[in-house]
Amino acid sequence: MEAAMPSHGAAGGFMLIRNATMADLSAVAEVEKRCFPVGEAATEEEFRERLAAYADCFWLLFEGDRLVSFIDGMATDEPDLRDEMYADASLHRSGGRWQMIFGLNTVPECRGRGYAGRLIRTLTEASRRRGKLGVVLTCKERLIPYYVSFGFENEGLSSSTHGNVAWYQMRLRF
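The text that follows walks through the structure, step by step, so that each part is easy to find. If you're wondering where the values come from, they're calculated on a predicted model, not measured in any experiment. (Residues numbered from 1 in each chain as written. Predicted model: local features only at pLDDT ≥ 70, side-chain atom pairs only at ≥ 80, totals over all residues. Heavy atoms only, no water.)

Secondary-structure assignment places Glu-32 in helix α1 (residues 25–35). If we ignore the near neighbours within four places in the chain, the residues touching Glu-32 are Glu-40, Ala-41, Ala-42, Phe-47, Phe-70 and Asn-105. (Helix = DSSP H or I, 4+ residues; strand = E, 2+ residues; numbered from the N terminus. Contact = heavy atoms within 4.5 Å.)

With respect to the helices, strands and loops of the structure, Thr-161 is situated in the loop between β9 (153–157) and β10 (168–173). Using a relative accessible area of 51% as the deciding quantity, one classes Thr-161 as exposed. Residues Thr-161 and Arg-82 lie 79 residues apart in sequence; the distance between their C-alpha atoms is 9.3 Å. (Buried < 20%, exposed > 50% of the residue type's maximum accessible area, 1.4 Å probe, protein only.)

Right, let's talk about the packing of aromatic side chains for a bit. A full pass over the atoms with the stated rule returns seven aromatic pairs. Ring geometry for Phe-58 and Phe-70: centres 5.9 Å apart, planes at 20 degrees, overall stacked. Within this pair, whereas Phe-58 is found in strand β3 (residues 58–63), its partner Phe-70 is found in strand β4 (residues 66–72), the two being separated by twelve residues in sequence. Of the two residues examined, Phe-58 and Phe-70, each falls in the buried class. Here Tyr-146 and Phe-150 contribute two aromatic rings whose centre-to-centre distance is 5.1 Å and whose plane-to-plane angle is 70 degrees, an arrangement assigned as edge-to-face. (Phe/Tyr/Trp six-rings, centres within 6.5 Å; stacked < 30°, edge-to-face > 60°.)

Looking now at the pattern of salt bridges. Counted by the stated rule, this structure contains 16 salt bridges. Asp-77 is paired through a salt bridge with Arg-97; the nearest N and O atoms lie 3.7 Å apart. Here Asp-77, found in the loop between β5 (75–76) and α3 (83–87), pairs with Arg-97, found in the loop between α3 and β6 (98–101); they are 20 residues apart in sequence, far enough to count as distant. The class for Asp-77 is partly exposed, based on a relative accessible area of 40%. Residue Arg-97 is classed as partly exposed on the basis of its relative accessible area of 44%. (Salt bridge = Lys/Arg side-chain N within 4 Å of Asp/Glu carboxyl O.)

On to the layout of surface pockets, then. Of the pockets and cavities examined, the largest pocket occupies roughly 710 Å³. What lines the largest pocket is a set of 36 residues, and nearest its centre among them are Phe-36, Leu-104, Asn-105, Leu-143 and Tyr-147. At four residues, strand β7 (residues 103–106) tops the list of elements feeding residues into the lining of the largest pocket. Looking at the lining of the largest pocket, its residues break down into 19 nonpolar, eight polar and nine charged. (1 Å grid on protein atoms, 1.4 Å probe; cavity = no way out; pocket = protein on both sides within 12 Å on 5 of 7 lines; lining within 4 Å. Points joined across faces, edges and corners; volume = space filled by probe spheres on them. Nonpolar A, V, L, I, M, F, W, Y, C, P; charged D, E, K, R; others polar.)

Let us now look at the side chain of Asn-19. Note on placement: Asn-19 falls in strand β2 (residues 14–19). One polar contact links the side chain of Asn-19 to the main-chain carbonyl oxygen of Asp-56, over a distance of 3.3 Å. Polar contacts involving the side chain of Asn-19 include one to the main-chain carbonyl oxygen of Phe-58, which spans 3.0 Å. (Polar contact = N/O pair within 3.5 Å; in protein donor to acceptor, adjacent residues only side chain to side chain.)

Turning to the pairing of strand β8 (residues 134–139), a few remarks are in order. By the criterion of burial, β8 is predominantly enclosed, with six of the six residues buried. Looking at chain direction, β6 and β8 are connected through four bridges and run parallel. When the sheet's bridge partners are listed, Ile-101 is paired in β8 with Leu-137. Two elements, β8 and β10, share six bridges in a ladder whose sense is antiparallel. Looking across to β10, one finds that Thr-138 is bridged to Gln-169. (Pairing = 2+ DSSP bridges.)

Let us look at helix α2 (residues 44–54). The α-helix advances 3.6 residues per turn, and as a result positions three or four apart in sequence lie on the same side. Those residues of α2 that sit buried are Phe-47, Arg-50, Leu-51 and Tyr-54. In a view along the axis of α2, the buried residues occupy a sector of 105 degrees, so they form one face of it. (Arc of directions from axis to C-beta.)

Now the structure itself:
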């Protein structure tokens, strides 16, 4: 498990980033519900399976004692993010060469404070230390410039049909 990283948040309050545990399950599921529409949101059961398989690929950001943001995804040797990966935690390979990002969530009232960016940097630095080739995610078209600002390259439309939405695959190579 990665070490916790306390600091002060943009709002001046105490902020902590740490890996998730099964005890965080209900809080994670609640944040997900607030951030994604029903057709795109992971279920509590999917999070239970993800936490059991790869809690070390899950980072939580707390403002005080309240979970306000998180990032998660599995590691794999497959270079592209497939829809099956969202629902099947058994596809995780801890020694996999690519780190996938399934979700980056910040509750609406805490957006614009830089929390998502801190989590992206936490995940990418951990992935680099673990010897990954890079990080892969899919996003909606409006978010492409955001991820480009962190060094991700737009690889065009993904084959993903998750939630019946058009997704673009983004890749950050180390």
